[in-house]
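Take a look at the letters that make up each chain.
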Amino acid sequence: MRGERPGPRRGGKMAARLSGGENRLVSLPLSRIRVIMKSSPEVSSINQDALFLTAKATELFVQYLASYSYKHGRGKEKNALTYSDLSHTAEECETFQFLADILPKKILASKYLKMLEKEKRGGELGKCDEEDDDEEDDDEAVDEAVGS
């Protein structure tokens, strides 16, 4: 126990260490994280330790996402991490699939417009098909009624 360096245990000591410029323990801005946390209606006050742990966990998560995407993406060839590497990871890796809506694959606007057009035509065709099916069902019901 003697000679051990005391770690940050209470908010006061931790706050003092966090406010130091060079010896920062987290890279993310704590004020921004506090604003995001307070945006939840369920949060009334934020403990300094909880703020620090949330910032550190977020930082570690982003580092893990980036390193995983780099290792499993095409950026390795170019020695760079690209958006497509991140979106591919979000789409393919089960761990990161909750990010698929946040990191969608990039597509050209022209391709998107074509997709919308196909969906629109597909929806119209679907409606026509449904109406035809309804008419066929009505015809079958009439045939059955006449046949009995």
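Located above this text is the structure these notes cover.
Here we summarise the structure given alongside this text.

About the thresholds
Residues numbered from 1 in each chain as written. Predicted model: local features only at pLDDT ≥ 70, side-chain atom pairs only at ≥ 80, totals over all residues. Heavy atoms only, no water. Helix = DSSP H or I, 4+ residues; strand = E, 2+ residues; numbered from the N terminus. Contact = heavy atoms within 4.5 Å. Buried < 20%, exposed > 50% of the residue type's maximum accessible area, 1.4 Å probe, protein only. Arc of directions from axis to C-beta. Salt bridge = Lys/Arg side-chain N within 4 Å of Asp/Glu carboxyl O.

All right, on to the side chain of Ser-87 then. Relative to the helices and strands, Ser-87 resides in helix α5 (residues 83–92). Discounting chain neighbours no more than four positions away, the residues touching Ser-87 are Leu-103, Pro-104 and Lys-105.

Attention now goes to helix α2 (residues 30–38). Regarding α2, the residues found buried are Leu-30, Ile-33 and Met-37. When α2 is viewed along its axis, its buried side chains cluster within an angular range of 60° and face the same direction. Every exposed residue of α2 that faces more than 90 degrees away from the buried side is listed here: Ser-31, Arg-32, Val-35 and Ile-36.

Our focus in this paragraph is the pattern of salt bridges. Oppositely charged side chains can form a pair if their charged atoms are brought close together. The tally for this structure, following the rule as stated, stands at 2 salt bridges. One salt bridge in this structure joins Glu-59 and Lys-56, with 3.5 Å as the shortest N-O distance. Within this pair, Glu-59 and its partner Lys-56 are both found in helix α3 (residues 48–72), separated by 3 residues, close to a single helical turn. With a shortest N-O distance of 3.1 Å, Arg-121 and Glu-117 are connected by a salt bridge. Of this pair, Arg-121 and Glu-117 both sit in helix α6 (residues 109–147), 4 residues apart, which is roughly one turn of the helix.

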